[in-house]
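# An overview of the molecular structure
One letter stands for each residue in the lines below.
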Amino acid sequence: MGSLSIWHWLIVLGIVVLIFGTKKLRNAGGDLGSAVKNFKQAMKEGEADAPKTPEQLAQGGKAGAESRQHEETKS
């Protein structure tokens, strides 16, 4: 069994269109596109919030350690 030819893929595409219809496929494509767009936007926001310099990284680590110590003394 080798790779599938273009005719196999066209037949599969035709069957998918017959089963789901073009409207459902169009909606699914739009949903997928908006999900990718939202993911990219979230990644950009995450990069903007991330510390840039080693000093900022060190300050973030100290703040986390201080809050953990504070929580341990409370319990």
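To be clear, the structure that these remarks concern was listed above.
Residues numbered from 1 in each chain as written. Predicted model: local features only at pLDDT ≥ 70, side-chain atom pairs only at ≥ 80, totals over all residues. Heavy atoms only, no water.

The helix and strand tally for the protein stands at 2 helices and 0 strands. Sorting the 75 residues of the protein into buried and exposed places 0% on the buried side. With the model as given, the accessible surface of the protein reaches about 7,100 Å², and the carbon-plus-sulfur share is 64%. (Helix = DSSP H or I, 4+ residues; strand = E, 2+ residues; numbered from the N terminus. Buried < 20%, exposed > 50% of the residue type's maximum accessible area, 1.4 Å probe, protein only. Areas by Shrake-Rupley, 256 points an atom, 1.4 Å probe, with all protein chains shown as cover.)

Turning our attention to helix 1 (residues 6-49). Here helix 1 is 44 residues long, yet its end C-alpha atoms lie only 46 Å apart, well below the 64 Å a rise of 1.5 Å per residue gives. If you look at helix 1, its biggest bend is around 90 degrees, right at Gly21. (Expected span 1.5 Å × (residues − 1). Bend = angle between axes of the 7 residues up to and from the residue.)

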